[in-house]
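A look at the structure
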Amino acid sequence: FEPLPLHVESLLASAKLNAIAVRSHGDDGPSLPGTIVVHPHALTDTPGRARLLEGRSNSGMSTLPPASMEAFAWCDATAFRCGDERWVVATRLDDEFGADAGDFCLAKLDVEGGELRVLRGASSLLRERRIRMVLFEWWPPHLRAQWEEPLALLWFLNALQYDIYAPGSWVTGRADDARWLLVVPERFSFLLGHWGDLLARPSALARQA
């Protein structure tokens, strides 16, 4: 899912360069294993038109402020193209993938603080355990900038019976510790002092259900 047209063009060009099969969004025809589909939409929890703030020096830092948020009340002109926002089409994962879409081995999220809203828009997929793992960027300042309480993201996943795993190096302090270690809810606050990727997967109890 990529709402910026220039990024969509880059993704399609990269796929072609690497001889990867691509299927257009909305094309319901058969596709070979390994085919990718680039959806030219933003992901959130409220479908419709949405305002996107584009990163000034790095468009990969673009962000989708909440609809209720006065975006320019906090807009940092050194980081974003303030006053030159783009209007994009936003959708929910629950609306994009019905039961016939099957299960997903991995969902990767890096949406500059909008992770909780994307996951809220995937509540049904998560509740039905159709997403087996979620790898998401964890940066508490980004979440706070979007008026989200960082720990609410972890508690949301916990309520849906997904366990949270952190890089072992965060826990042991050893840079060479490549393990993913379970973080129990009582220790969620420990993660506020770290930044990187976290992993969520259905708990053992949920997998047995």
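Located above this text is the structure these notes cover.
Residues numbered from 1 in each chain as written. Predicted model: local features only at pLDDT ≥ 70, side-chain atom pairs only at ≥ 80, totals over all residues. Heavy atoms only, no water.

**Some points on the pattern of salt bridges**
Where we set the bar: By convention in these notes, a salt bridge is any Lys or Arg side-chain nitrogen within 4 Å of a carboxyl oxygen on Asp or Glu. A run of H or I in DSSP becomes a helix once it reaches four residues, and a run of E becomes a strand once it reaches two; helices and strands are each numbered from the N terminus. Each residue is assigned to one of three classes by its accessible area relative to the maximum for its type, calculated with a 1.4 Å probe on protein chains only: buried under 20%, partly exposed between the two thresholds, exposed over 50%.
All chains considered together, the criterion is met by ten salt bridges. Where aspartate 45 meets arginine 120, a salt bridge forms, and the shortest distance between an N and an O atom there is 3.8 Å. One end of the pair, aspartate 45, is in the loop between strand E3 (42-43) and strand E4 (48-52); the other, arginine 120, is in helix H3 (residues 115-120), and 75 residues separate them in sequence. One salt bridge in this structure joins glutamate 128 and arginine 130, with 3.8 Å as the shortest N-O distance. For glutamate 128, a relative accessible area of 49% translates into the label partly exposed. You can call arginine 130 buried: its relative accessible area is 9%. Taken together, the shared-partner salt bridges in this structure form one network comprising Asp45, Arg117, Arg120 and Glu148.

**A look at the sheet that holds strand E10 (residues 196-202)**
Here is the rule we go by: We call two strands paired when DSSP finds no fewer than two bridges between them. Whenever a helix is involved, its axis is fitted only over the stretch in contact; in every case the axis is a line through C-alpha atoms, and angles between N-to-C directions fall within 0 to 180 degrees. By definition, residues are in contact when any of their heavy atoms lie within 4.5 Å.
Pairing within the open sheet is mixed, and its five strands lie in the order E6-E7-E10-E8-E9. Each end of this open sheet is capped by a strand with a single partner; those strands are strand E6 (107-109) and strand E9 (180-183). Between one strand axis and the next, the sheet turns by 30° as a mean value, whatever way the strands run. Here E6 pairs with strand E7 (residues 134-138) via three bridges, running parallel. Note on E7: the bridge partner recorded for leucine 109 is phenylalanine 136. Together, E7, strand E8 (162-167) and E10 form the strand contacts of helix H6 (residues 150-159), whose direction differs from that of E7 by roughly 170°.

**Here we look at the side chain of glutamate 2**
Which entries qualify depends on this criterion: Only four residue types enter the tally: Lys and Arg on the positive side, Asp and Glu on the negative side, with His and both chain ends excluded. Any pair of nitrogen or oxygen atoms within 3.5 Å is treated as a polar contact; in protein, a donor-acceptor pairing is required on top of that, and neighbouring residues in sequence qualify only through side-chain atoms on both sides.
Here glutamate 2 is to be found in the segment before helix H1 (5-17). Although buried, glutamate 2 forms no salt bridge, and the nearest oppositely charged side chain, arginine 86, lies 8.9 Å from it. Of note is the side chain of glutamate 2, whose polar atom sits 2.9 Å from the backbone nitrogen of leucine 4. Within the structure, glutamate 2 has its side chain in polar contact with the side chain of histidine 7 (distance 3.4 Å). Residue contacts for glutamate 2: discarding those within four places in its chain leaves His7, Val8, Leu11, His39, Pro40 and His41.

**Details of the layout of surface pockets**
So the rule is basically this: Here a cavity denotes grid points, spaced 1 Å and computed from the protein atoms alone, that fit a 1.4 Å probe unable to get out, and a pocket denotes an open set having protein on both sides within 12 Å along at least 5 of 7 lines; residues with an atom within 4 Å of a point are the lining. Grid points are joined across faces, edges and corners, and a volume is the space filled by probe spheres set on the points.
Considering only enclosed or pocket space, the largest pocket measures out at about 870 Å³ in volume. What lines the largest pocket is a set of 33 residues, among which Phe1, Glu2, Leu43, Lys108 and Val111 lie closest to the centre. Of all the elements in the fold, those that place two or more residues in the lining of the largest pocket are H1, E3, E6 and H3. Per-element tally for the lining of the largest pocket: the top contributor is E6, with three residues.

Scope: geometric values only; no functional claims are made or implied.
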